[in-house]
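# Descriptive structure summary
Listed below, chain by chain, are the residues.
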Amino acid sequence: MKLKLHVWRQKDRNSPGQMVSYDADHVSPDMSFLEMLDVVNQDLINKGDEPIHFDHDCREGICGMCSLVINGTPHGPERSTTTCQLHMRKFNDGDEIYIEPWRAKAFPVIKDLMVDRSSFDRIIQEGGYISVNTGNAPDAHAIPIGKPIADEAFEAAACIGCGACVASCKNASAMLFVSAKVAQLSMLPQGQAERKSRVQNMVNQMDEEGFGSCTNHGECEAVCPKDIKVKYIAELNKEYRNASFS
Amino acid sequence: MKLESKVPSGDIAQKWDKHRFEMKLVNPANKRKFRVIVVGSGLAGASASATMAELGYDVDCFCYQDSPRRAHSIAAQGGINAAKNYQNDGDSVYRLFYDTVKGGDFRSREANVYRLAQVSTNIIDQCVAQGVPFAREYGGYLANRSFGGAQVSRTFYARGQTGQQLLLGAYGALSRQIKAGKVNMHTRYEMLDLVLVDGHAKGIIARNLLTGEVTRHAADAVVLASGGYGNVFYLSTNAMGCNVTASYRAHKRGAGFANPCYTQIHPTCIPVSGDHQSKLTLMSESLRNDGRVWVPTKAGDDRLPRDIPEAERDYYLERRYPSFGNLVPRDVASRAAKHECDEGRGVGPGGRGVYLDFRDSINRLGEQAVRERYGNLFQMYERITDDNPYQTPMRIYPAVHYTMGGLWVDYNLMSNIPGLHVIGEANFSDHGANRLGASALMQGLADGYFVLPYTIGQYFASHDQGEVTTEHQAFADAENETNERVNKLLSIQGKRSVDSFHRELGKIMWEQCGMERTAEGLNKALKDIPALRAEFYENVNVTGAGDNVNMELEKAGRVADFLEFGETFARDALTREESCGGHFRAEHQTPEGEAVRNDEDFCHAAVWEYQGMNKEPIRHTENMEFENVKLATRSYK
Amino acid sequence: MAWFTNFARSTVGAKIIMAVTGLGLVGFVLAHMAGNLLIFTGTPDTINAYAQGLKDLGPLLWVARIGLIVFAVLHITSFLRLNARNSAARPQGYAQTKWQQAPVASRYMRLSGIVVFAVIVYQLLHFTAGVVTVDPDGLRLATEDALGRHHVYNMVVSGFANPIVSGAYIIAMVLLGLHINHGASSVFQTLGLKNSKYNGLIEKLGPGLSALIVIGNCSIPVAVLSGLIKGVQG
Ligand SMILES: Cc1cc2nc3c(=O)[nH]c(=O)nc-3n(C[C@H](O)[C@H](O)[C@H](O)COP(=O)(O)OP(=O)(O)OC[C@H]3O[C@@H](n4cnc5c(N)ncnc54)[C@H](O)[C@@H]3O)c2cc1C
Ligand code: HEM
Ligand code: HEM
Ligand code: SF4
Ligand code: F3S
Ligand code: FES
């Protein structure tokens with residue numbers, strides 16, 4: 001397969017960037033999208049140019065490092081799939097592919113397609129956990145948790161923190177990411193003690209980081225590689241309302 | 001190099017409690033005076049950092065990813081073992097200890113393994129208290145499943161993402177301490193050297209991957225939790241960034257490297273589909289519960305699997321191992337697959353694959369039941385290979401997965417360098433020659449939550465080194481050496497890319513140090529690797545500059561260390577004249593191809609001491625005594 | 001009251017205020033429509049009586065008006081604050097953008113909102129303050145009925161006599177319908193009232209309510225243009 005790529009190149013955090021075009025020939029359909037970029041990078045290196053920088057690590061859709069907007073869709077055209085799981089058989093010979101970084105004020109570009117997502121860590125630091133010191137945990141069976149709750153909590157906890165929801169949301173809102181963690185912890189018995197402070201502190205930090213608000217478009221759910229549902233945003237709204245008014 | 005295991009005396013079941021009583025402690029008020037560097041934010045690094053911070057120590061935690069939540073522990077799928085015996089099927093601390101020592105093919109230290117089994121119960125309690133959403137039965141109690149090599153079902157899991165959920169629990173505890181100001185988190189930093197002051201580990205040199213700045217960090221003790229070295233084979237199930245740099249740098253500063261040749265090959269991975277392949281993907285071992293492994297009986301039979309009649313199918317695992325069948329331990333299953341492919345009965349491109357067929361279980365249980373158990377794994381498989389496992393059998397082939405070897409540590413998890421502690425996959429101690437499924441997560445969290453936070457106090461209480469700052473000369477020297485290495489890599493400006501060298505090294509390692517090793521092959525590797533290393537330092541092309549984000553420079557540093565470490569790996573495999581666990585020497589096997597251990601001469605850990613680039617390292621040993629688990633050959637017939 | 005200012009200043013809080021005020025405004029639109037539909041009772045007296053009844057409430061009418069104004073102001077100021085934050089949240093756009101699954105109605109909430117605002121302003125000038133001429137084509141319609149009440153019936157008829165005005169109204173009503181279509185389901189999401197049992201119902205509420213409002217409101221200008229309703233000579 002031969003493809004025409006238009007890739008965002010940017011030297012570093014403070015310099016302006018622009019779209020640059022590259023040809024990718026000898027692309028096989030069995031290649032993953034990142035492997036295709038590896039091949040393009042090898043050609044660039046052999047020509048002495050700087051390779052296209054992008055974040056990646058596990059390449060099996062679980063670490064949340066890879067973060068490319070492909071033809072306007074974060075993580076590309078395949079649903080419930082990260083960039084690194086996308087395979088080139090989804091494209092046709094001669095296609096033009098636009099590759100851009102996540103765009104959000106809270107995710108400044110570091111270089112080319114790499115962005116700084118530490119704002120997510122700061123939100124989690126505000127309360128995305130249960131405060132329990134090592135050693136003072138009761139026996140695991142002290143508090144039975146019904147299977148439906150355990151399964152639901154698991155689905156909310158499956159978020160890999162990739163940020164595609166922010167990249168796809170028209171308001172660059174982080175509500176899906178924040179609500180997944182708030183929902184997981186507030187539905188578990190262990191999470192009850194800090195229910196009020198958790199949602200307020202995390203929402204405050206989310207606002208401080210410069211994320212937008214949620215106007216219920218539902219774009220985030222469409223691109224989330226772990227199928228996190230917008231129903232958790234409704235959960236967060238309820239948690240926040242109860243925390244504010246009770 | 002002195003190798004004292006410092007294992008306390010007395011009955012195995014009392015050693016840990018006795019040791020905790022006899023240890024010198026740091027009183028709470030003084031803990032604030034001690035600073036600890038933790039390299040790594042995986043299960044081991046994150047849990048250790050959080051727990052030590054909770055106790056009052058000041059912690060500096062480092063990781064190369066952009067967030068501590070992305071350490072490679074995130075990729076673990078299958079589950080985590082613990083001796084809870086919730087299923088009431090006869091499990092106990094002693095049985096978990098026994099299974100792990102026996103599974104490790106009698107090459108681990110009994111005392112460490114017993115302690116691992118002993119604290120395993122606390123791990124599950126801690127993770128449940130953190131809100132880790134383990135799978136539950138309808139009554140609300142924890143669900144278990146069984147894994148290869150164990151007759152009880154002691155594995156706790158969170159569907160196919162157990163590693164992720166355990167890591168997110170530890171990441172939560174770590175984030176809480178970062179917020180409390182007790183942990184200073186350094187993301188996108190790579191440790192490039194260890195700094196010794198008067199022979200004690202007192203700091204590290206780390207490069208800021210964003211600015212390229214090489215920085216000094218001082219502390220009263222250093223903890224390495226930097227994961228495994230599987231990527232020396234280039235193609236493995238590890239993440240792309242996994243490296244041996246942190247451990248190898250400590251090794252070059254004098255830390256003993258134990259059993260590097262013990263690497264685990266996971267039998268059920270997706271085969272290589274072309275030379276563009278950057279990484280291999282693991283399919284969870286739980287698939288082997290319902291899938292039947294087979295190859296065509298005739299070599300070169302390239303008919304579609306559904307066209308090959310039952311009579312011409314060889315279910316070779318069930319044939320060779322009637323009692324365990326498809327659930328034989330990983331090393332046995334991997335070698336059997338290689339054997340079939342070497343004899344030309346391999347399937348798929350390049351003849352490097354065997355079938356894992358679910359036709360019978362779909363007929364027996366119905367597609368819906370199979371979908372419920374393995375739905376996301378089948379979806380992942382289809383996404384990568386475009387084949388639908390419900391209709392056509394999966395193609396699988398073994399791939400490098402876990403490294404039992406690592407830096408040598410004593411009972412306090414301290415290396416032979418005082419002050420340098422090593423935990424998680426980066427140390428050697430608990431899994432001997434072969435790790436049982438779902439026990440690496442247990443070890444990482446055991447070391448981090450319940451062992452290191454106590455034993456590091458022993459070091460602090462018994463060595464008062466006084467304040468060490470980065471002004472010390474040792475830091476200046478180490479920083480200069482690191483800058484020289486970085487500039488050297490940038491200055492070579494050769495013709496070949498870093499990946500091409502890494503791929504070539506991987507090929508040598510896979511062919512000579514993979515599933516089957518021979519003296520002749522290993523000697524060839526001991527010649528080819530230094531030659532490749534020499535060419536690397538003449539012909540590698542590292543583009544870009546050092547003062548900015550530079551992927552190629554990062555990879556070059558890691559491949560340079562792999563090119564040295566690979567040689568020590570091959571040397572260890574050559575000198576260990578026996579077959580045990582993940583190390584199989586063709587010269588030491590029974591006529592039926594079973595591993596033959598040599599317990600008289602090799603019932604020890606081989607610990608290598610670095611002597612300099614291109615110089616042969618010295619081999620020390622620590623004998624492994626087995627008072628509780630009698631030495632016996634493993635049989636899974 | 002610091003807790004309330006924190007609440008109102010936060011994105012989630014501001015959004016909840018929009019939802020509550022949005023519900024209030026929907027309430028007004030439904031009530032107002034019900035009142036206006038009295039025009040179809042065959043006799044001008046019913047609507048004139050209704051309008052006079054409202055006036056007779058005196059101060060109570062002002063309470064309602066103030067309430068309405070507060071709701072509208074809160075709704076719009078929250079919108080302005082959130083809108084500013086949302087555009088600031090993505091300073092650099094994409095070369096390629098692609099809508100995934102956002103309902104069409106959700107994409108035009110700003111536009112439809114502004115148009116509805118225009119309707120309210122026009123209404124206030126046109127009907128309440130009577131600034132706009134009541135009898136443009138000289139039909140000499142009565143400005144008061146037999147009982148001396150303000151002839152609201154004629155006001156509405158002459159108001160909609162001009163096809164351009166009526167056409168604008170109809171377009172405005174369709175946009176109001178769009179606004180409420182998304183608004184209704186969005187309110188349940190924003191107030192966290194969604195749970196699996198009633199989701200089916202909630203999905204239908206938005207379209208149902210907006211259809212009702214569009215048809216109800218548009219029936220009046222259509223009736224006037226088609227001559228179904230004629231003005232009463234003075
Ligand atoms: C695909 C896969 C599936 C697995 N499944 C299971 C399973 O089901 N059950 C089980 O028990 N085990 C499983 N394992 C093994 C288990 O996941 C690992 O052994 C364990 O998680 C290792 O944890 P760790 O904390 O030691 O290291 P890691 O989690 O690998 O963390 C290493 C950390 O060190 C940091 N680091 C590394 N080098 C440097 C450097 N030079 N400078 C700075 N920072 C550095 C990294 O950033 C990272 O944070 C699996 C492994 C893989 C790859
Ligand atoms: C007067 C000018 C108005 C403006 C500028 C305006 C604008 C908006 C905007 C931008 C939204 C949020 C977008 C979204 O949630 O997708 C919204 C929501 C809403 N509006 Fe309005 N609107 C106005 C008037 C009205 C009126 C008159 C009504 C009632 C008839 C109304 C009812 C609603 C409702 C119910 C919501 C949903 C709140 C939520 O998101 O949960 N609005 N409005
Ligand atoms: C086509 C349908 C409509 C008709 C026929 C209509 C008619 C009227 C009339 C006759 C009045 C004056 C009542 C009086 O003076 O006592 C009025 C007032 C008003 N209308 Fe409408 N209207 C319509 C649609 C709307 C809509 C859609 C809105 C807003 C979303 C609106 C908002 C108002 C407001 C705010 C007032 C002032 C209320 C007050 O004086 O207290 N109207 N309308
Ligand atoms: S919610 Fe989905 S898209 Fe958003 S960070 Fe989590 S996994 Fe990524
Ligand atoms: S796309 Fe954005 S508007 Fe809300 S529903 Fe998702 S965060
Ligand atoms: S690289 Fe880990 S999710 Fe894509």
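Anything mentioned here points back to the structure above.
Attention in this report is confined to the structure presented alongside it. (Residues numbered from 1 in each chain as written. Chains lettered and ligands numbered in written order. Predicted model: local features only at pLDDT ≥ 70, side-chain atom pairs only at ≥ 80, totals over all residues. Heavy atoms only, no water.)

### Overview of the interface of chain A and chain B
Taken together, the contact pairs 80 residues of chain A with 74 residues of chain B. Regarding the contact of chain A and chain B, the summed buried area is about 6300 Å², with carbon and sulfur atoms giving 52% of it. For the chain A face of the interface with chain B, the top three residues by lost area are T134, H141 and F154 of chain A, together amounting to 12%. Put simply, R117 of chain A and D66 of chain B hold a salt bridge, and the shortest N to O gap is 3.4 Å. Joining chain A to chain B, the criterion identifies 46 residue pairs in polar contact (both at pLDDT 80 or more). Looking at the side of chain A that touches chain B, the elements with two or more residues in it are helix 1 (33-46), strand 6 (109-111), strand 7 (114-115), helix 2 (118-125), helix 3 (147-157) and helix 5 (175-187) of chain A. Counting residues per element, the side of chain A that touches chain B draws most heavily on helix 3 of chain A, which supplies seven residues. (Contact = heavy atoms within 4.5 Å. Buried area = accessible area lost by both parts, 1.4 Å probe. Salt bridge = Lys/Arg side-chain N within 4 Å of Asp/Glu carboxyl O. Polar contact = N/O pair within 3.5 Å; in protein donor to acceptor, adjacent residues only side chain to side chain. Helix = DSSP H or I, 4+ residues; strand = E, 2+ residues; numbered from the N terminus.)

### Some points on the side chain of T190 of chain C
Of note, T190 of chain C is situated in helix 8 (residues 163-190). The exposure class assigned to T190 of chain C is buried, which follows from its relative accessible area of 2%. (Buried < 20%, exposed > 50% of the residue type's maximum accessible area, 1.4 Å probe, protein only.)

### Some thoughts on the sheet that holds strand 16 (residues 406-407) of chain B
Sheet strands associate in pairs through backbone hydrogen bonding, adopting either a parallel or an antiparallel arrangement. Residue and element names in this part refer to chain B. The four strands are arranged 16-10-18-19 in an open sheet whose pairing can be described as antiparallel. On the outer flanks of this sheet lie strand 16 and strand 19 (618-623), each paired with one strand and no other. Pairing of strand 10 (residues 257-258) with strand 18 (residues 604-609) involves two bridges; the strand directions are antiparallel. Following the sheet pairing, F257 is matched in strand 18 by W608. The sheet contacts of helix 16 (residues 551-575) involve strand 10, strand 18 and strand 19, and relative to strand 18 the element is tilted by about 145 degrees. (Pairing = 2+ DSSP bridges. Axes fitted to C-alpha atoms, helices over the stretch in contact; angles between N-to-C directions.)

### Digging into the nonpolar core
In this structure, M52, I80, F134 and L224 of chain B are the most contacted members of the largest nonpolar core, which totals 231 residues. Those residues in contact with F134 of chain B that lie beyond four places of it in its chain are A150 of chain A together with I80, I124, C127, V128, L142, F156, Y157, A158 and L166 of chain B. If you look at the next biggest cluster of nonpolar residues, it comprises 28 residues, including V29, I47, V224 and I229 of chain C. (Core = buried A, V, L, I, M, F, W, Y, C linked by side-chain atoms within 4.5 Å.)

### Some words on the site of ligand 2
Residues and elements named next belong to chain C. Around ligand 2, the surrounding shell holds 25 residues, and the nearest of these are K15, H75, H179, S186 and T190. Within the side chain of H75, an N or O atom sits 2.8 Å from a nitrogen atom of ligand 2. Counting only elements with at least two residues in the shell around ligand 2, the list comes to helix 2 (11-36), helix 4 (59-88), helix 6 (109-128) and helix 8. With eight residues, helix 8 is the largest single contributor of residues to the shell around ligand 2. Broken down by class, the residue content of the shell around ligand 2 amounts to 14 nonpolar, 10 polar and one charged. (Near = heavy atom within 4 Å. Nonpolar A, V, L, I, M, F, W, Y, C, P; charged D, E, K, R; others polar.)

### Thoughts on the interface of chain C and chain A
In this complex, chain C contributes 39 residues to the contact, which on the side of chain A involves 48 residues. Between chain C and chain A the total buried area reaches about 3500 Å² when both faces are included, carbon and sulfur atoms providing 53% of it. Taken together, the connections running from chain C to chain A amount to zero salt bridges. For the pair chain C and chain A, the interface holds 28 residue pairs in polar contact (both at pLDDT 80 or more). If you list the elements that add at least two residues to the side of chain C that touches chain A, you get helix 1 (2-9), helix 2, helix 4, helix 5 (104-107) and helix 8 of chain C. The residue inventory of the side of chain C that touches chain A, partitioned by class, reads 16 nonpolar, 17 polar and six charged.

### As for the site of ligand 3
Residues and elements named next belong to chain C. Around ligand 3 sit 21 residues, and of these H32, N36, R65, Q123 and F127 come closest. A distance of 2.5 Å separates an oxygen atom of ligand 3 from a polar side-chain atom of R65. In the model, a nitrogen atom of ligand 3 is placed 2.5 Å from a nitrogen or oxygen of the Q123 side chain. Breaking the shell around ligand 3 down by element, the ones donating at least two residues are helix 2, helix 6, helix 7 (152-161), helix 8 and helix 9 (199-225). At seven residues, helix 6 tops the list of elements feeding residues into the shell around ligand 3. For the shell around ligand 3, the class distribution of residues is 15 nonpolar, five polar and one charged.

### Thoughts on the packing of aromatic side chains
Residues and elements named next belong to chain B. Applying the stated criterion across every chain yields a total of 41 aromatic pairs over all chains. Residues W16 and Y411 carry aromatic rings whose centres are separated by 6.2 Å and whose planes lie at 70 degrees to one another, so their mutual orientation is edge-to-face. Pair noted here: W16 is in helix 1 (residues 15-22) and Y411 is in the loop between strand 16 and strand 17 (420-422), with a separation of 395 residues, a long-range link. Taking the relative accessible area as the measure of exposure, Y411 reaches 0% and is therefore buried. Aromatic ring contacts, followed pair by pair, group Y229, F233, Y248, F257, W510, F565, F569 and Y610 into a single cluster. Directly above the aromatic system of Y157 lies the positively charged group of R145, at a separation of 3.9 Å from the ring centroid. (Phe/Tyr/Trp six-rings, centres within 6.5 Å; stacked < 30°, edge-to-face > 60°. Lys NZ or Arg CZ within 6 Å of the ring centre and 35° of its normal.)

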